[in-house]
Amino acid sequence: MKHDGFECQTCGEAGPRAGGTATLHVHHKDPEPKDRDRHDLRNLVTLCDDCHWWVHNRPTGDELPIGFSTPDRRVLLPHDYIILGVLHRNGPLSTTQVHERIGLSLSAQTVRERLWILAGLDYEVESRSTPLVGKDAVSGDWGLLDQVTLPERGRIPNDMRTFMQRIRDEFVRQAVARGCDRQTIADVFGVVERTIWYRQRRAQAYEFPLGALFDGEVPTKNHHGGSTTEDRPLNTGSNPSETSSNSKHTPPNSGTSDLGEPDEVWGTTTETANDDFETLLDKLAWQSH
């Protein structure tokens with residue numbers, strides 16, 4: 001504890017010796033280390049009572065009817081398993097309802113972003129062909145794949161603001177996939193770099209069919225870079241029978257209701273989305289020389 005300044009190394013709460021009130025514990029990082037003594041200082045860390053409980057009781061998702069691969073688990077965080085558990089027991093649910101039921105001190109925005117990651121996990125994990133959750137196009141509620149009747153993913157929204165938001169998000173996702181520097185992308189769109197992560201994750205969750213919009217074709221494989229396309233009727237969200245696949249799979253989506261998303265999309269420019277992307281491509285070309 002003295003080595004750690006009598007403070008929890010996870011949350012920073014201080015114990016009485018450091019002027020705080022937290023109850024502190026010494027946690028063994030590895031209960032049976034092979035290369036050092038169990039009580040070696042390098043194997044010890046100071047945690048408060050709550051954080052120590054969390055380390056030993058954090059969820060693993062093993063109780064869920066979902067198969068998690070090793071690559072999946074490298075991306076997923078403990079509270080992702082809690083979110084999945086809430087949806088498994090009670091879904092479909094709105095973002096607000098998920099936030100209310102997880103029982104953790106997470107902001108609504110954090111929950112929303114984790115839902116996007118779960119809905120776009122196939123982009124984060126190369127070996128995964130489907131996401132874990134989707135958003136219903138009619139209700140706007142999140143659910144596991146078998147809980148979503150009409151997925152929002154891959155659809156063209158009727159709402160103009162959401163429509164333009166999806167276009168810009170997809171431009172960002174494609175630019176990142178091409179290896180563009182995030183700060184350069186942020187400069188082009190007039191936003192901070194953090195917003196680029198935000199838009200990329202949202203784009204992965206919604207998988208907007210940009211090729212269909214500009215070429216009249218729906219991409220059938222546009223996962224981590226290039227794409228192949230074929231002529232298909234666009235999925236505009238009006239009829240389930242009109243839905244079409246725009247990737248190597250047909251997972252669920254995120255609806256236009258219950259978005260609750262900060263309008264970080266527009267920046268201060270009045271350029272069209274296509275102008276923004278052309279500017280971005282020009283900068284990328286300049287950087288490559």
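In short, a report on the structure. All of these numbers come straight from a predicted model, not from anything done at the bench. Each residue is numbered by its place in its chain's sequence as written, counting from 1. Only residues with pLDDT of at least 70 get local features here, since the model is predicted, and only at 80 or more are side-chain atom pairs given and counted; chain-wide, interface and lining totals rely on the full set of residues. By convention in this description, side-chain values take in all heavy atoms of the structure and omit both hydrogens and water.

1. Quick notes on the environment of Val138
Right, on to step 1. Here Val138 is to be found in the loop between strand E3 (133–135) and strand E4 (142–144).
Right, on to step 2. Along the primary structure Val138 and Glu152 are separated by 14 residues, whereas in three dimensions their C-alpha atoms are 8.2 Å apart. Every helix listed is a DSSP run of H or I at least four residues long, and every strand listed is a run of E at least two residues long, numbered separately from the N terminus.

2. Section: helix H9 (residues 193–206)
Right, on to step 1. Expected helix span is computed as 1.5 Å times (number of residues minus one). The terminal C-alpha atoms of H9, which comprises 14 residues, lie 21 Å apart, in line with the 20 Å expected from a rise of 1.5 Å per residue.
Right, on to step 2. Among the 14 residues that make up H9, ten are buried, leaving the element largely enclosed by the rest of the structure.
Right, on to step 3. Note on classification: 1.4 Å probe, protein chains only; a residue is buried when its accessible area is under 20% of the maximum for its type, exposed when over 50%, partly exposed between these limits. Among the residues of H9, those classed as buried are Thr195, Ile196, Tyr198, Arg199, Gln200, Arg202, Ala203, Gln204, Ala205 and Tyr206.
Right, on to step 4. Only heavy atoms matter for contacts: two residues are in contact if any of them lie within 4.5 Å across the pair. Considering only its buried residues, H9 is in contact with helix H5 (108–119), helix H6 (121–124), E3, E4, helix H7 (160–177) and helix H8 (182–189).
Right, on to step 5. Backbone geometry just after H9 places Glu207 at a positive phi near 45 degrees.

3. Side note on unusual backbone geometry
Right, on to step 1. Residue Gly91 is joined to Pro92 through a cis peptide bond whose omega torsion reads 0 degrees.
Right, on to step 2. Its place among the elements puts Pro92 in the loop between helix H3 (78–90) and helix H4 (95–101).
Right, on to step 3. At Phe6, a position not held by glycine, the phi torsion is positive, near 55 degrees.
Right, on to step 4. Take Phe6: it is sitting in the segment before strand E1 (24–28).
Right, on to step 5. You can call Phe6 buried: its relative accessible area is 16%.
Right, on to step 6. In this structure, Glu207 takes a positive phi of about 45 degrees despite not being glycine.
Right, on to step 7. In this fold, Glu207 is placed in the loop between H9 and helix H10 (210–215).

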